[in-house]
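Below, each chain spelled out in residue letters.
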Amino acid sequence: MLISNILTQRVRQDVLEMIFNAKASHIGSAFSIADIVSVLYADVMKYDKNNYKREDRDVFILSKGHAGSAVYAVLYELGILTKDEINSYCKNGSNLSGHVSSKGVEGVEFSTGSLGHGISVACGMAFARKRDAKKGNVYVLVGDGECNEGSVWEAAMFANQHGLDNLCVIVDCNKMQAMGNSKDIIDLPEISKIWSAFGWNTVEINGHDCEQIYKALTMPHKGKPLCVIANTIKGKGVSFMEGNILWHYRNPDGEAYNKAKKELTD
Amino acid sequence: MRNAFIEKLYNAAKSDKNIMLVTGDLGFGVLDKFARELPQQFVNAGISEQNMMGMAAGMAKEGKKVFIYSIANFPTMRCLEQIRNDCAYNDLNVKIISVGAGFSYGYLGMSHHITEDIAVMSALPGVDVYSPADKAEAEKSFDAMLNKQGVAYVRLGKGKENDIHPEGTEFDISKPCLIKDGDKELVLTTGAIIEEAISAREKLGGDLKVYSVCRLKPIDKEAILDILKGYKRVFTLEEHSVIGGLGSIVGNIIAEEGLPVKVVKLGLKDIYSSKVGDQKYLRKLYGMDSDALVTEVLKK
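Residues numbered from 1 in each chain as written. Chains lettered and ligands numbered in written order. Predicted model: local features only at pLDDT ≥ 70, side-chain atom pairs only at ≥ 80, totals over all residues. Heavy atoms only, no water.

Caption draft 1: Representation of the overall build of chain A in the model. Along the backbone of chain A there are 11 helices and seven strands. For 266 residues, the compact-globule formula gives about 18 Å, and the C-alpha radius of gyration of chain A, at 17 Å, lands near that figure. Counting across all 266 residues of chain A, residues that qualify as buried make up 58%. By sequence separation, contacts in chain A at least 24 residues apart represent 74% of the contacts at least 6 residues apart. Counting only carbon and sulfur atoms, one obtains 50% of the accessible surface of chain A, whose full area is about 10,500 Å². For chain A, the separation between the mean place of its 29 positive charges and that of its 31 negative charges on side chains is 2 Å. (Helix = DSSP H or I, 4+ residues; strand = E, 2+ residues; numbered from the N terminus. Rg over C-alpha atoms; globule rule 2.2 N^0.38 Å. Buried < 20%, exposed > 50% of the residue type's maximum accessible area, 1.4 Å probe, protein only. Contact = heavy atoms within 4.5 Å. Areas by Shrake-Rupley, 256 points an atom, 1.4 Å probe, with all protein chains shown as cover. Lys, Arg positive; Asp, Glu negative; His and termini not counted. Charge placed at Lys NZ, Arg CZ, Asp CG, Glu CD.)

Caption draft 2: Looking closely at the interface of chain B and chain A. Each side of the interface is counted separately: chain B has 28 residues, and chain A has 25 residues. Regarding the contact of chain B and chain A, the summed buried area is about 2,100 Å², with carbon and sulfur atoms giving 52% of it. On the chain B side of the contact with chain A, N51, K61 and E62 of chain B bury the most area, a combined 29% of that side's loss. For E109 of chain A, the salt bridge identified is with K61 of chain B, shortest N-O distance 3.0 Å. Where chain B meets chain A, there are 12 residue pairs in polar contact (both at pLDDT 80 or more). Within the residue set of the side of chain B that touches chain A, elements represented by two or more residues are β2 (42–44), α3 (49–61) and α4 (80–88) of chain B. Considering only residue class, the side of chain B that touches chain A consists of 10 nonpolar, 12 polar and six charged. (Buried area = accessible area lost by both parts, 1.4 Å probe. Salt bridge = Lys/Arg side-chain N within 4 Å of Asp/Glu carboxyl O. Polar contact = N/O pair within 3.5 Å; in protein donor to acceptor, adjacent residues only side chain to side chain. Nonpolar A, V, L, I, M, F, W, Y, C, P; charged D, E, K, R; others polar.)

Caption draft 3: Inspection of unusual backbone geometry at higher detail. With an omega of -5°, the peptide bond between K217 of chain B and P218 of chain B qualifies as cis. Structurally, the position occupied by P218 of chain B is in the loop between β10 (215–217) and α8 (221–228). A positive phi angle is found at A133 of chain A, which is not glycine, with a value near 50°. Topologically, A133 of chain A is positioned in the loop between α5 (118–131) and β2 (138–143). A positive phi angle is found at K175 of chain A, which is not glycine, with a value near 60°. Within the secondary structure, K175 of chain A is located in the loop between β3 (167–173) and β4 (176–177).

Caption draft 4: Geometry of the domain arrangement of chain B. Residues and elements named next belong to chain B. We note that the domain assignment places domain 1 (2–156) and domain 2 (177–298) within chain B. Distance between the C-alpha centres of domain 1 and domain 2: 26 Å. In this assembly, 29 residues from domain 1 lie in contact with 28 residues from domain 2. The contact between domain 1 and domain 2 buries some 2,100 Å² in all, and 60% of this surface belongs to carbon and sulfur atoms. For the pair domain 1 and domain 2, the number of links is zero salt bridges. Counting every contact that joins domain 1 to domain 2 gives 15 residue pairs in polar contact (both at pLDDT 80 or more). Of all elements in the fold, only α5 (117–122), β5 (127–130) and α6 (135–146) reach the threshold of two or more residues within the side of domain 1 that touches domain 2. Counted by class, the side of domain 1 that touches domain 2 contains 14 nonpolar, 10 polar and five charged residues. (Domains from an automatic or database assignment.)

Caption draft 5: Expanded view of α5 of chain A. Residue and element names in this part refer to chain A. Taking 1.5 Å per residue, 14 residues should reach 20 Å; α5 reaches 20 Å between its end C-alpha atoms and fits that length. Burial runs high along α5: 12 of the 14 residues are buried. Every buried residue of α5 is accounted for by G118, I119, S120, V121, A122, C123, G124, M125, A126, F127, A128 and R129. Remark: A133 follows α5 within two positions and exhibits a positive phi of approximately 50°. (Expected span 1.5 Å × (residues − 1).)

Caption draft 6: Seen up close, a nonpolar patch on the surface. Taken together, the side chains of M179, I185, I186 and Y249 of chain A make up a nonpolar region of the molecular surface, amounting to roughly 440 Å² of accessible area. In this structure, Y249 of chain A sits in helix α10 (residues 246–249). (Patch = residues over 30% accessible without salt bridge, like charges linked within 9 Å, V, L, I, M, F, W, Y side chains within 5 Å.)

Caption draft 7: Spatial organisation of the pattern of salt bridges. Residue and element names in this part refer to chain B. Applying the stated criterion across every chain, the model contains 38 salt bridges over all chains. Across the salt bridge formed by K221 and E256, the nearest N and O atoms sit 3.1 Å from each other. Residue K221 is located in helix α8, and its partner E256 is located in helix α9 (residues 246–257); the two are separated by 35 residues in the primary sequence. A cluster of three or more residues bridged by salt bridges with shared partners is formed by E195, E196, E239, K280 and R283.

Caption draft 8: Region of the structure containing the nonpolar core. In this structure, L167, V171 and W195 of chain A together with M59, V94 and L188 of chain B are the most contacted members of the largest nonpolar core, which totals 76 residues. For this core, the element with the highest residue contribution is α5 of chain A, accounting for eight residues. If you count residues domain by domain, this core takes at least three from each of domain 1 (2–156) and domain 2 (177–298) of chain B. Beyond its immediate chain neighbours, meaning those up to four positions away, L188 of chain B contacts Y211, V213, I224, I227, V234, F235, T236, L237, L246 and V250 of chain B. Of all hydrophobic cores here, the second largest spans 61 residues; its members include M18, I36, Y52 and V74 of chain A. (Core = buried A, V, L, I, M, F, W, Y, C linked by side-chain atoms within 4.5 Å.)

Caption draft 9: Main features of the sheet that holds β2 of chain A. Residue and element names in this part refer to chain A. Strand order in the open sheet made by the five strands is β1-β2-β3-β7-β6, with parallel pairing throughout. In the strand order of this sheet, the two ends are held by β1 (59–62) and β6 (201–206), each with one partner. Averaged over all pairs of adjacent strands, the angle between their axes in this sheet comes to 20°, without regard to strand direction. Relative to β2, β1 runs parallel, the two being bridged by four bridges. Each bridged residue has a counterpart across the sheet, and for V59 the counterpart in β2 is V138. Packed on one face of the sheet, helix α2 (residues 27–44) meets β1, β2, β3 and β7 (226–231) and runs near 175° to β2. (Pairing = 2+ DSSP bridges. Axes fitted to C-alpha atoms, helices over the stretch in contact; angles between N-to-C directions.)

Okay, structure coming up:
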C-alpha cells in the first residue's frame, strides 16, 4: 500500500484551502500534479526529513512552478512544512510564493516560475552527480505546455548525450495550457514518441493512478534518462474544474469553494 | 588576455576538482589543453545557452564552481533569465566568460559586437562585472572571481591587447588604477580601449590623466570620488553603449554626491553598429578613438 494513496485527497483539500484563502490562481494545475507529487515525496524519493540538505538525497524540482501549492501541500502533509507556513501561502510577507520557492521553504529544492528553467537545473544537478559518481536521483516535473519552450529540448538532448540515468522527467500531460487546449496552440501529438526520438527511455501512464506513477518512477533505465508521460486532467478531483481552462486562473469564490470542498470531502 | 585567463583557470582547476569549465560549443583551439588534461572537469554543452546556464546553476548547487565560456552576447543576453532566476537569485558559483569585448569581432557584424553587456549584467543584483584592459587585469579578475561566492561576469578581448601594467607591478583590481599621469584633464576608461586614451594623451602632449577601471560592479565609489577631486570635468571612454556602462556609473556617483563635475561620455551612442570592420576602424567610426577623445578634450 502506497502512502500516497491516502495522501492525495488531503493534498487537494489543502490546495483548495490555500488558494481560496489567498484568493490565488492555478488551482487546476495543482490538482493536475497532486498525485504525481504525492507519490514522489511519500513513496519514491529517499531523503532525510531531519536533514533535508543531505548530499545523497533524491531531489525534486517543479519546473512548472505555478503549480507550487501542490508541493507545499504535500510537504505539509508529510510534516516538513507547518500549518502556519502553508496558511501564509501568497499572503503579504510570506516565503510561499505562488510560483514555487525554495527560499526559506524546507523541502523545496529550487525556485521556479519562468517555464523551461527547472529541467535544465535538474539536468545540471544530475550531470554533476554523475561526474562525481554520487548517489541520489533527480526528478523534475514539466508541463506539456511547458514543452513549448526550446530550453526543454536543449536539456533533453544534453541528458541523452550524457546518458543521465539518474535523471527522470515527468511530463504532466493535461493537454491544456494558459490560453486553451494545447492542440489549438502548439500541438504535440504523440509526445511519447518525441521523447523516445530524443533518446529517452519513455513510458506513458495514467498520472492520477498512484500505483502506475510509482511503478513508472521506479523502473530501471540504466544508461538512459527516463521520461514518464503522465496523462492527467487539469482540475482533477473537482468535477466542474476538470478540463476547464477557467480554473487555470479563477479563484474559487464562496459557492465554488463550498462545492469543491464537498466533492473533496465526500 | 583571453589565453592568460584560460591558463589561470587551467592551473586553478588542476588543484580544485570542483572547478568545471563549460563551453557553449566555442573556444576551438583555446580550450584544448583544459579539455584534454582535465576531461572530468570539462563539458561542451552544445549550442544551447539557455540549457547551459540553467545546468550551470544545477552543477553549482551540487558544489561545483562553474566557469561558462562563450563569445559575444551568447552567454549573457541569450540566457539572461537563467542568469537572473537560476544563478544570481540563488547566489550560486557561476562565472561567465565572454570573449569579444566591444568590437573585438568587428568584421563578424552586429550580432557579435558586445556593446550593452555591462549595462545588462550590472542591472542584476549580486553579479560582479569585470572588464580587463590587458593580461594582468584579466589574471587578477580571474583570482577575484574565483575567490568570491556568487555570479561574476568578465568580458575579454580576443587577444593581442597591449600590456598596460608593466610586468610584475602590483595593483588592486577592485580599484581604478592610474596608468598614465597628466596635469589638466582626466579620463576614466575600461577595457582594452584604454590604448586609445593613451594615444590621445600623447597627442595632447601628456596633459591627460588616464585610469583603467576594470571592476565595474561593485564600483569603488570612494576611490572614484578621490580621483575626481579638483576636476571640473571628467571624460569616460568605453567600447560599450554610453547607456549603463562606465560613463553612467561615474555620472551616477557624481549626481548622488551633487558634485559640480561634468561627465563627457565617449562610447557607442545608443545605436546599433551596422557597419563592419576591424576594431580600430569601428572605434573611429563610432566616435570612441583617440581622435574623438582629443576633439572632446580640446572643446572648452
